[in-house]
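Structural description and commentary
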Amino acid sequence: MILRAYDESDAEATLRVFLRAVRVTASKDYSPEQIAAWGSDDIPLDVWAVKRLQTGTVVAVEGDEVLGFSDVDERGYVDMMFVDPAVTRRGVASALLEHVTRAAREHGAVELTTYASLTARPFFEKHGFVVVEERQPVLRGVSLTNFSMRKPLA
C-alpha cells in the first residue's frame, strides 16, 4: 500500500469507496433511512472531484485500486476518512491518519478535529481523539448522530 496525492482520475474510485463505506460499514450503526440519506446516489461526480482536489485529499492505493482516502485542512480539520469495507482492519485508516496528522503539523495546526460517525468514533478514540459533543446534523431531511472530536497535536 502506498499513499499519494489525489488525482482527478481518482474521482470515481474515491466516491465508490465512500458509498461502500457508508452503505456497508456504517450500516451496522445507522438505520436504512439514514444510510440512504448519507450514501445517496445523487452525489454529482464533478462536484465530488472538485471537492477532493480543494481539500488536499490523499489516497491509499494498492496497484491501481483505491483502498481509502482522507483529507485535512490547514486548521487540522479532517473532513473525510473512508476505507473500502473489503480492506478494513488492514491499517489503511491508521496510515491515512498518520499522513494527515503530519500534513496538519506542517500547516501549523495545533489540533486535529473531525465530525466522527458512530462507526468511526472508536477508531478516532483509539488514536487519541476525545469527544467534544454529540451532534444531530440533518442530511436530506434525516437526522444522523455524529460526534465533534478533537486531538491536540502538541
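The rules we used
- Residues numbered from 1 in each chain as written.
- Predicted model: local features only at pLDDT ≥ 70, side-chain atom pairs only at ≥ 80, totals over all residues.
- Heavy atoms only, no water.
- Helix = DSSP H or I, 4+ residues; strand = E, 2+ residues; numbered from the N terminus.
- Rg over C-alpha atoms; globule rule 2.2 N^0.38 Å.
- Buried < 20%, exposed > 50% of the residue type's maximum accessible area, 1.4 Å probe, protein only.
- Contact = heavy atoms within 4.5 Å.
- Areas by Shrake-Rupley, 256 points an atom, 1.4 Å probe, with all protein chains shown as cover.
- Lys, Arg positive; Asp, Glu negative; His and termini not counted.
- Charge placed at Lys NZ, Arg CZ, Asp CG, Glu CD.
- Pairing = 2+ DSSP bridges.
- Axes fitted to C-alpha atoms, helices over the stretch in contact; angles between N-to-C directions.
- UniProt positions renumbered as here; feature names shortened; annotations may be inferred.
- Core = buried A, V, L, I, M, F, W, Y, C linked by side-chain atoms within 4.5 Å.

1. Thoughts on the overall build of the chain
Within the chain, the secondary structure is distributed over five helices and ten strands. Its C-alpha radius of gyration of 15 Å places the chain within 12% of the 15 Å reference for a compact globule of 154 residues. In the chain, buried positions account for 47% of the 154 residues. Across the chain, every contact between residues at least 6 apart in sequence was considered, and the portion connecting residues at least 24 apart equals 63%. Looking at the chain as shown, the accessible area adds up to about 8200 Å², and 51% of this sits on carbon and sulfur atoms. Looking at charge distribution, the chain has the averaged site of its 18 positive side-chain charges lying 6 Å from that of its 23 negative ones.

2. Considerations on the sheet that holds strand β5 (residues 81-83)
Ordered in space as β1-β2-β3-β5, the four strands form an open sheet in which the pairing is antiparallel. A strand with exactly one partner marks an edge of an open sheet, and here the two such strands are β1 (2-5) and β5. Across this sheet, the average inter-strand angle for adjacent strands is 30 degrees, counted without regard to direction. Both strand β2 (residues 58-62) and strand β3 (residues 65-70) contribute to a ladder of five bridges, which runs antiparallel. Within β3, the position partnered with Ala60 by the bridge is Gly68. Along the sheet, helix α1 (residues 11-25) makes contact with β2, β3 and β5, crossing β3 at roughly 75 degrees.

3. Some words on the UniProt feature "domain: N-acetyltransferase" (unreviewed entry) in the chain
Those places that UniProt annotates as "domain: N-acetyltransferase" (unreviewed entry) correspond, in this numbering, to residues 1-154. With 34% helix and 29% strand, residues 1-154 has end C-alpha atoms that lie 28 Å from one another.

4. Quick word on the side chain of Arg52
As for its position among the elements, Arg52 is in helix α3 (residues 45-54). The residues touching Arg52, leaving out its near neighbours within four places in the chain, are Tyr6, Thr14, Thr57, Phe69, Asp71, Asp79 and Met80.

5. What to know about the nonpolar core
Counting 25 residues, the largest nonpolar core has Val72, Met81, Val92, Leu96, Leu97, Leu112 and Phe124 as its most contacted members. Secondary-structure elements contributing two or more residues to this core are β2, β5, α4 (92-106), β6 (111-117), α5 (121-126) and β10 (146-152). Residues in contact with Leu112, not counting those within four places in the same chain, are Val72, Gly76, Val78, Leu97, Val100, Thr101, Ala104, Phe129, Met149, Arg150, Lys151 and Leu153. Formed by 23 residues, the second largest nonpolar core is a distinct cluster that contains Ala26, Tyr30, Met80 and Leu144.

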